[in-house]
Every structure is written in structure tokens, then in C-alpha cells.
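Understanding the architecture of this molecule
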Amino acid sequence: MVAIVEAANLKKTYLLGKVPVEALRGVNLKVENGDFLAVLGPSGSGKSTLLNLIGALDKPTSGKMLIEGVDVSTLNDNQLADLRRRIGFVFQFFNLIPRFTARENVELSMSIAGIGSAERRKQAEDLLETVGLKERMNHKPNELSGGEQQRVAIARALVNNPRFLLMDEPTGNIDSKTANEILGLLKRLNEEKGVTIIMVTHDQGLAKQSKRIVQMLDGLVAGELVN
Amino acid sequence: MKLGDVFSYSFSAIKLRKLRAGLTTLGVVIGIAAIVALLSITQGLQDTITRELQTGFATDTLIVSSGRGAGLSAMGGGDSGFKLFVNDTQTINEIENVSMSLAIIQRVGYVQFGGKNRTVAIVGVDFVEYASIYSSTFVAESGAVPLNPENDTVVVGKRVSDPWKNETLFCNVNDGVEILWTNGTARPPKNETYAGHVAAVLQEVGGFGIGPSDSYIYIPLSKAESFFGTDECDMIIVKLVNDDTATIDSTSKAIRDAFDKQISVTSATAVLSILSNVFSVIQLFLSGIAAISLLVAGIGIMNIMIVSLMERTREIGILKALGMKSRTVLTVFLGESAIIGLMGAAIGIALGWVLANVVALVFHGGGIFFGNQATGVGGISITPVLTPTVFLGALIFGVGVSVIFALYPAWRASKLKPVEALRYE
């Protein structure tokens, strides 16, 4: 079976001003269907860079980044955009569009995918119900708490049946009680609906809740642990 | 992403910054309104003048006057020293395609009635022939234009009878008026005068032309010859058998040849075509000036779109992370400017139309151009004309300028890299 995500000797070098910074120095990683993987590491370990590459937001300097067996480096702009539609992003700062309501934010991904408005509305309501926000769906982000915004972001990420959820510090900006609720939601999605989840975090406690932990340090995978 | 969704997304972004979008739109509104107002007024003016000329200047007539100059010089008189005489009509009448010709002797003089004095142009014509050429304008409103006029018969224009347009008449049918002319060639200059009898007041002609005018008085040609002491005429009006271009051209040439090219022959169609050319140039010039203001509006749009692009860099990053294609981002931004352009053009066309009508009203009421009581022509009425070409042109131009100036910011937005855009604070 083809791994959903496979990184082979993945390298990424940034230019910070004129100084080249090696963010990834040869990462090897495999994520199978149904996995719940935590990428754990301190800041500067390259985990966010890895996340961007897995999410097809960026291209590697060298090495291979395969999503469902397709090398991301070989794709053009349009193909990358198509690929991103099949990936469910959840950003650290939620990244909701402030002028849209919760429902409209969830609908946006579907609208980008060209889905008609009636279908969008129904799916968005179903997804917001899944994340427990049906009552608040007509509120704008600034009327929602951090946890609620994160749920909206998760609902938006679940649109279009993504191949996997990609999460950047999913509990980084919410209190611990809400964080536990979110984690519960993620576990449920993973166990009941079989959603593959890859999350990046520096929080060991959170990482321990996943099925598998990849420890990163200085742009390399330093170790792997199955919970 | 469906086009409808793209536009609805663009519109949501515009709604977010209403004041800013409003001010940007205002730039387009002003530019388009200026273009529409100027074009519809000049078009209206051209239509009015053309219509006036066509009524007062029958299209199947030629104007023969002394002087070799071509075209409009006929109106100003020639300068060759060659003179036209009343009996030159006999020569002209023998030329092919000429159905009749009539001589006109014209002087500036005065009419006196009840102790009051008015400056008028005194025109000596054969009433019957004149009425047959200008059958729609040389028509009596009260009284009747006599077929066999007495020597003292006078026919007056509407503005001579009713100069103040308020029914306070200067003179009326059956009044006896004193007609005065100063013979400036006599030494010492001599005032000629005779008592006339008003047989008819003409109906209002309006505007201007070579034909009958509201501010003229008409006396029989024979009386004019004796009163002005000359058989030299100012112009000869030639009526042709039809108004085909070929007839006009060949007859014009034949008449010129008959007088050894010492005279000028002007046709109504030639004057109209010159006029139409002049108006085209004026329209082009005016719309050029108005277009500059639209250009400034375009730069405003570009400026605003660049600011908007910077503010929304992160949003663009989100959209791209959610799978929006670069060309869709481009369309979103172009859509915003197209909406601004469309709104601006629509409001601008409406505003320009209102403006044109207001200006026309001022023209009509005040008679800015021709309201001078001394000439007594009266206010000219302009009906602004908004042609479909101007309407569509303004719409396309407004949207076009907006979209063109948004191309660069939209292109920059579409080229943003998702990772960098998401990191943008």
C-alpha cells in the first residue's frame, strides 16, 4: 500500500537575509492511512518547515516529498492548488476570514472547490455539528472563543473529505480545558471516522495522546516513538 | 471556483471597506459623468444645429455669393471684388437641374414704431419664390404673406413683433411702421426712410440658418432695389430639382463655371458635413479632457488595490492553502476593481445625464449663446442625446480602466507564495 505521506531524504534551505539556513537536513518519514502522528520538537527544529512541505505549501530544496505517491516537486502551481484541496489544514492562529461567519468560513473551502451553494450549506452545517458548533455557526470569528474558532478551523479542514488533517500547534492558543476537548474531538475523528492526522507541536503532553510521535531536532528526525 | 462565487467573494471584500470603496468609486463616477455629460451635450447641440440648419437651409438649395472662397465663406461674403446682380438669376436659371433661383438684398437698418426703435436686418426677396423654397419656415403666424405685395408691404419675423417673448408686442399685423436705413456710401451719409405696412408676422423659426430668421423683416425685392439704390445682390439662393449629391456637385460646378469661378457656391450638405467634422473634433477634444480625470481615477484604483493587497496578504495565503488557484486569486482582485468600475460607470452615466440636462436647461432658460436681445435670436434649446454608443462606451471604458489599473496589484496578489503570505503579519 502506498503511504499517504512519504518524505525521503528531505532537505530545505532558506535564505535568512543572505545567510542560508538549513531547516531540514535529510528527513525520512512515512505516514500510513489512519495514522495519528505527532511531530514533536522545540522551536527551530524544522517541524513547521516539514509541515509546509507536507501541506504542499512549499517545495523541498532536495529530496522527495511524496503525497499519495506523487512527488510534490514535479507539480506546477495549479496542480499544487488541486493537491491542497485534498489536505485539511488547521493553522496555529486558526486563520479564519474575519468578515465571514463560521458557516461561511467552512463553506469557503467548498466554494474554492466549485461546489454549489445548496450543497455547501448542508455540508457546512453537518461539519459544524460534528465539531459541536451548530448553535454558533452564524457568528463571526471575533464573536467566538479561541476554542470555538479552532473548531471552525477543524470543520473547514474536514471539508472535501481530505486525505489527512495537517495541524500546526492545534492547542497552542487555547486554554488547557478547551485543548482537551479539541484533542478528544481529534481522537474521535481518527478512531471513528478513520481520519489520518498529522500534527506539529512542542507540547509533549499533547503529543503523548497521539498514536505515534516523531521527535525532531536540528532539521533531522531524532527518534520515533509509538504510544 | 465558480465565477459567481468569485464575484460574491470580491464583493464581500468591497463591502468590508465601504468608505474606501466609495471614494475609489467616486473617482470613476466623476470621470464617466464628465465624459457622458460633455458628449451628450455636444451631441445634442450638434443635433439641434443640424436640425435648425436643415429647416432654415433646405437641403436641395445652393447659396451663391460673390467671392472665390469655398465652403463657409459664403456666409461671410467674398472679397474678390466681383459683384452679383439681381438679374444674374436669369443666367443661373438656364443651368441644368436648377428649378429656380432668387436674389436677396440685405442691409442692417431700423424699424420704428410708436416712438420705439429696433435694429433689424432688412431683407429684400421675392415673397412667392422665397416662400416656395422655405415652405416650412416662411409661413405667417398672423396675417398673410401677400402673393402680389404692394411696394410698402413688410413681413416681420416673430422676434421683431414680440421681442421680449411676453406678448408685449413691438408691432403687429396691419401696423404702419417706419423703416430706416443709413446710406453710408453717400456723402454726407444719408438716412433713407419709408413708411411700411405690416402684412404678416411669421411663425417662430427658432435657431438660425441661411433661410428665414425670427429677427429679420422682409420687403419686396423691387422695393429693396429702389430703397437701397442698388441692383447688386448679396446672395442668390438656387433651388435644385433634387438633393442628390451628384446633382449638387455638378450644378455647383456649372454655376461656378458660368461666372468664371468668381463666385462661391455653398450647399447645405457641405455646410452640414463641415459642421459634423467640427463637432467630431470638439467631441474628441472634450472627451479627451474628461478621459484624463478617469485616468486619475484609475491610478487611485491601483493605489487602493496595492494597499488592499498588503492588508490581505495573509488572507491570500489562507485562500491558497485552501487550494485556490493563482488565476482565481487574480480574478478575485480583478473582480473587485470590475465591480468598482461597473458601479462607478453606472452612477457616472446617470449623473452625467442629469448634469447634461441641467446644463441644457440653463442654455434654454438663459440663452447663453444666442440670447442677445440685439440680435433677438432667442435661447437655443438643446436636448442632450445619450447615444447607445456613448452609453456602452462609457460603461466599457469605466470598467476597462478600472480593470487595467488593477492588473498589476492583482498579478502581484496571484504570485504570492502561500508560505510567505501566511507568515505575513
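Right above here is the structure, for reference.
Residues numbered from 1 in each chain as written. Chains lettered and ligands numbered in written order. Predicted model: local features only at pLDDT ≥ 70, side-chain atom pairs only at ≥ 80, totals over all residues. Heavy atoms only, no water.

**Here's the deal with the packing of helix α3 (residues 102-112) of chain A against helix α5 (residues 146-158) of chain A**
Residues and elements named next belong to chain A. Note the cut-off: The convention used is that axes are lines fitted to C-alpha atoms, helices contributing only their stretch in contact, and that angles between N-to-C directions extend from 0 to 180 degrees. Helix numbering and strand numbering both begin at the N terminus, where a helix is a DSSP run of H or I of at least 4 residues and a strand a DSSP run of E of at least 2. For classification purposes, an angle smaller than 35 degrees is called roughly parallel, one larger than 145 roughly antiparallel, one from 65 to 115 roughly perpendicular, and anything else oblique. Two helices cross in a left-handed way if the nearer one is turned anticlockwise from the farther one by less than a right angle. They cross in a right-handed way if the turn is clockwise. We call two residues in contact when some of their heavy atoms are within 4.5 Å. Basically, the charged four are Asp, Glu, Lys and Arg, the nonpolar ten are Ala, Val, Leu, Ile, Met, Phe, Trp, Tyr, Cys and Pro, and anything else, Gly included, counts as polar.
As a packed pair, α3 and α5 sit with axes 8 Å apart at the nearest point and diverge in direction by 25°. The angle between the axes of α3 and α5 places the two elements in the roughly parallel class. In this structure, α3 crosses over α5, and the sense of that crossing is right-handed. Residues Ala102, Asn105, Val106 and Ser109 of α3 form the contact with α5, whose participating residues are Val152, Ala155 and Arg156. In the contact of α3 with α5, the residues fall into four nonpolar, two polar and one charged.

**Observations regarding the pattern of salt bridges**
Put simply, the test is: Definition used for salt bridges: Asp or Glu carboxyl oxygen within 4 Å of a side-chain nitrogen of Lys or Arg. Buried means the residue's accessible area, taken with a 1.4 Å probe over protein chains only, is under 20% of the maximum for its type, while exposed means over 50%, and partly exposed covers the values in between.
Using the criterion set out here, one finds 28 salt bridges over all chains in the structure. Glu68(A) is the partner of Arg86(A) in a salt bridge, and the nearest nitrogen-oxygen pair spans 3.7 Å. Placement of Arg86(A) in the loop between α2 (77-84) and β6 (87-90) and of Glu68(A) in the loop between β4 (62-67) and β5 (70-71) is noted, with a sequence separation of 18 residues between them. Under the relative-accessibility criterion, Arg86(A) is labelled partly exposed at 37%. Taking relative accessible area as the criterion, Glu68(A) reaches 29% and is therefore assigned partly exposed. Measuring nitrogen to oxygen at the nearest pair gives 2.8 Å for the salt bridge that ties Arg20(B) to Glu311(B).

**A look at the interface of chain B and chain A**
We count it as follows: When two parts are put together, the accessible area they lose, computed with a 1.4 Å probe and summed over both, is reported as buried area. Polar contacts, as used here, are pairs of N or O atoms within 3.5 Å; protein pairs need one atom able to donate a hydrogen and one able to accept it. Residues neighboring in sequence count only if both atoms are side-chain atoms.
Contact residues are listed per partner, giving 24 residues for chain B and 27 residues for chain A. Between chain B and chain A lies a buried interface of about 2,200 Å² when both sides are counted; carbon and sulfur atoms form 56% of it. Remark: the boundary between chain B and chain A carries three salt bridges. The salt bridge involving Lys325(B) is made with Asp82(A); its shortest N-O contact spans 3.2 Å. Applying the counting criterion to the chain B and chain A interface returns ten residue pairs in polar contact (both at pLDDT 80 or more). Among the elements of the structure, α1 (3-16), α10 (313-321), α11 (326-366) and α13 (418-423) of chain B are those that each provide at least two residues to the side of chain B that touches chain A.

**Examining the sheet that holds strand β10 (residues 220-226) of chain A**
Residue and element names in this part refer to chain A. Here is the rule we go by: In this analysis, strands are considered paired if DSSP registers two or more bridges between them.
Spatially, β6-β7-β8-β3-β9-β10 is the arrangement adopted by the six strands of the open sheet, whose pairing is mixed. Every other strand in the sheet has two partners, leaving β6 and β10 as the edge strands with one partner each. Put simply, the sheet's adjacent strands are angled 20° from each other on average, direction ignored. Pairing of strand β3 (residues 36-40) with strand β8 (residues 196-201) involves five bridges; the strand directions are parallel. Each bridged residue has a counterpart across the sheet, and for valine 39 the counterpart in β8 is valine 200. Helix α6 (residues 176-192) rests against β3, β7 (164-168) and β8 of the sheet, and its axis sits at about 150° to β8.

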